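Letter by letter, the chains look like this.
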2 protein chains.
Amino acid sequence: MPSSTVENYLKQILLITLEREEKVVPMGLISESLDVTPGTATSMAKNLEKEGWLCYEPRRGVSLKPAGRKLGLNILRRHRLLETFLVETLGLDWSEIHEEAEELEHAISEKVLERLDDFLGRPRHDPHGHPIPTKGGVMQRKKSRSLVGCKEGLSVVIESIDDQERNFLKFARSRHLLPGKKIKILSREEEADAMEIRVEGKMPFSIGFEAARKILVSV
Amino acid sequence: MPSSTVENYLKQILLITLEREEKVVPMGLISESLDVTPGTATSMAKNLEKEGWLCYEPRRGVSLKPAGRKLGLNILRRHRLLETFLVETLGLDWSEIHEEAEELEHAISEKVLERLDDFLGRPRHDPHGHPIPTKGGVMQRKKSRSLVGCKEGLSVVIESIDDQERNFLKFARSRHLLPGKKIKILSREEEADAMEIRVEGKMPFSIGFEAARKILVSV
DNA sequence: GTTTTCATTTTGAGTGTTCAAAATATAGGG
DNA sequence: CCCTATATTTTGAACACTCAAAATGAAAAC
Ligand SMILES: [Mn+2]
Ligand SMILES: [Mn+2]
Ligand SMILES: [Mn+2]
Ligand SMILES: [Mn+2]
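Below, the structure is looked at part by part.

Rules used throughout
- Residues numbered from 1 in each chain as written.
- Chains lettered and ligands numbered in written order.
- Predicted model: local features only at pLDDT ≥ 70, side-chain atom pairs only at ≥ 80, totals over all residues.
- Heavy atoms only, no water.
- Pairing = 2+ DSSP bridges.
- Helix = DSSP H or I, 4+ residues; strand = E, 2+ residues; numbered from the N terminus.
- Donors = N, O, S within 2.8 Å, 3.2 Å for Na, K, Ca; no water.
- Buried < 20%, exposed > 50% of the residue type's maximum accessible area, 1.4 Å probe, protein only.
- Core = buried A, V, L, I, M, F, W, Y, C linked by side-chain atoms within 4.5 Å.
- Contact = heavy atoms within 4.5 Å.
- Axes fitted to C-alpha atoms, helices over the stretch in contact; angles between N-to-C directions.
- Parallel < 35°, antiparallel > 145°, perpendicular 65-115°, else oblique.
- Left-handed = near helix turned anticlockwise from the far one by under 90°.
- Near = heavy atom within 4 Å.
- Polar contact = N/O pair within 3.5 Å; in protein donor to acceptor, adjacent residues only side chain to side chain.
- Nonpolar A, V, L, I, M, F, W, Y, C, P; charged D, E, K, R; others polar.

To continue, consider the sheet that holds strand E5 (residues 182-189) of chain A. All names here are of chain A. Spatially, E3-E8-E4-E5-E6-E7 is the arrangement adopted by the six strands of the open sheet, whose pairing is antiparallel. Either end of the sheet is taken by a strand with one partner, and the two such strands are strand E3 (145-146) and strand E7 (204-208). In terms of strand pairing, strand E4 (residues 155-161) meets strand E8 (residues 215-218) through four bridges, oriented antiparallel. Across the sheet, the residue bridging to serine 160 is leucine 216, located in E8.

Written as structure tokens, this is what we have:
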């Protein structure tokens, strides 16, 4: 049975792989996102290779093998179903569920997970708008782009919020920047690194490019 | 933050302390119930002492200090609330919840636990009939005796089932030996190590002393 | 009061994960 | 083509937990 350390590594490597759309993940990104020193990531990569989860190519990075990809997707499923449970059933705030799910994902069994899935009505997205992989390990690919790249006058729908940082999530909710909400880009000032937007039925406000980058939308 | 190993040790030591009504717990009982070698239990005891959870007296055993007792009670609360959730909300069978709770108890945060407690309506007993300690660390003392010691003709109410073994729990449920059920001792054959009983409204059947010992009742 | 038995402790070692700091490789800029 | 900045790897050590097997202590049996 893989340890929770192994599960965290594989889930994170999977996320980076998907985000970059690039099979090979350099060690630096891994050590940074898991908050371990680079040497630790390297030595873990060798262990993970020995156990058959991935391929490790020195000075290039790692690439998931089918087993590693499958386990990564499974942990992602657990994580996102648990987040959904914490918000939908227990009423926690979406800014505090990530850390909770980060622990619970390693303790919940397959059996309990499936019961939870039934109980929740087999949701397809977590509270942040991220797709929940199926039991079979299929996750729908989203072809959404970031709000930061949207032109003036465009109307878009929020797909997901791509940041787990508490304060950003609190800000987003306070501005009604939630998955499913419709927003219009009123103006865009390249030099100011900011744009003015309006969430449907709300007051317009401006948002910096840095923040807008974390909001994924579909046209 | 105490590791899940520490949590398991303290919870188990607390349970043995309560069961034996004896402050000092010999190492043999610890190593057996946690399924580790005696040497492991001894070395762990020294660590736990160094961290202030308990007192270790060589060749006598360990006794919980207030901090250890408090953490033990807290883990017990988590365990039993989770068991209740698994049965009441997710519909798992009471024979399979112990192992699940054994893992989840280390991953659930205080905040999520309290939400769960609310959600469940602040239950006072888990599915096996065991009392759930309060947030403040108070657990109601049960003065129940075992079915095995009950005399012929007596009518009693089942308080709890004191065994986590799957097959025994399945048997118990199949015979309606559940917390709250009223049973009458029809006869008792000392030499046969067995007694005949009837659960209210059901057919009489006989049960060995070994099994009857695991059923706690109140008169 | 010695011997036997049993519980417990000690010893030495191994696993998985981690870090700090030194060593090394590689890619680009000069 | 060399040099330097940056990413990565290596090295050596530590921590928490575990086991097997040998040593020891204390209680029970004789
Ligand atoms: Mn995690
Ligand atoms: Mn999420
Ligand atoms: Mn446990
Ligand atoms: Mn129970």
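Having seen the model, we can carry on.
It is worth spelling out the coordination of the manganese ion (ligand 1) at this point. Taken together, Asn8 of chain A (OD1), Glu102 of chain A (O), Glu102 of chain A (OE), Glu105 of chain A (OE) and His106 of chain A (NE2) make up the protein donors of the manganese ion (ligand 1), found 2.0 to 2.3 Å from the metal. On the basis of relative accessible area, glutamate 105 of chain A is assigned to the buried category, the value being 0%.

Within the largest apolar cluster, 79 residues are counted, with the highest numbers of intra-cluster contacts made by Leu147, Leu177 and Ile215 of chain A together with Leu147, Leu177 and Ile215 of chain B. Broken down by element, this core gets its largest block of residues, five residues, from helix H4 (residues 66-88) of chain B. If we ignore the near neighbours within four places in the chain, the residues touching leucine 177 of chain A are Trp94, Ile158, Ile161, Phe171, Ala172, Ile183, Ile197, Val199, Phe205, Ile207 and Ile215 of chain A.

We now examine the packing of helix H2 (residues 27-34) of chain A against helix H3 (residues 38-50) of chain A. When two helices pack together, their arrangement is given by the angle between the helix axes and by the axis-to-axis distance. Residue and element names in this part refer to chain A. Close contact between H2 and H3 brings their axes to 8 Å; oriented N to C, the two are set at 110°. Overall, the two elements H2 and H3 adopt an arrangement that is roughly perpendicular. Helix-helix and strand crossings are classified by hand; for H2 and H3 the assignment is right-handed. Side by side, H2 and H3 meet where Met27, Ile30 and Ser31 of the first sit next to Pro38, Ala41, Thr42 and Ala45 of the second.

With that settled, the discussion passes to the protein's contact with DNA strand C. With respect to spatial proximity, 20 residues lie near DNA strand C, and among them Ser3 and Thr40 of chain A together with Thr42, Lys46 and Tyr56 of chain B are the closest. Put simply, 76% of the atoms of DNA strand C that lie within 4 Å of the protein are in sugar or phosphate. At a separation of 2.6 Å, a phosphate oxygen of DNA strand C approaches a polar side-chain atom of threonine 42 of chain B. A distance of 2.8 Å separates a phosphate oxygen of DNA strand C from a polar atom in the backbone of arginine 59 of chain B. Elements supplying a minimum of two residues to the surface near DNA strand C: helix H1 (4-20) and H3 of chain A together with helix H2 (27-34) and helix H3 (38-50) of chain B. When its residues are assigned to classes, the surface near DNA strand C shows eight nonpolar, eight polar and four charged.

Without other data, these values stay purely geometric and don't point to any function.
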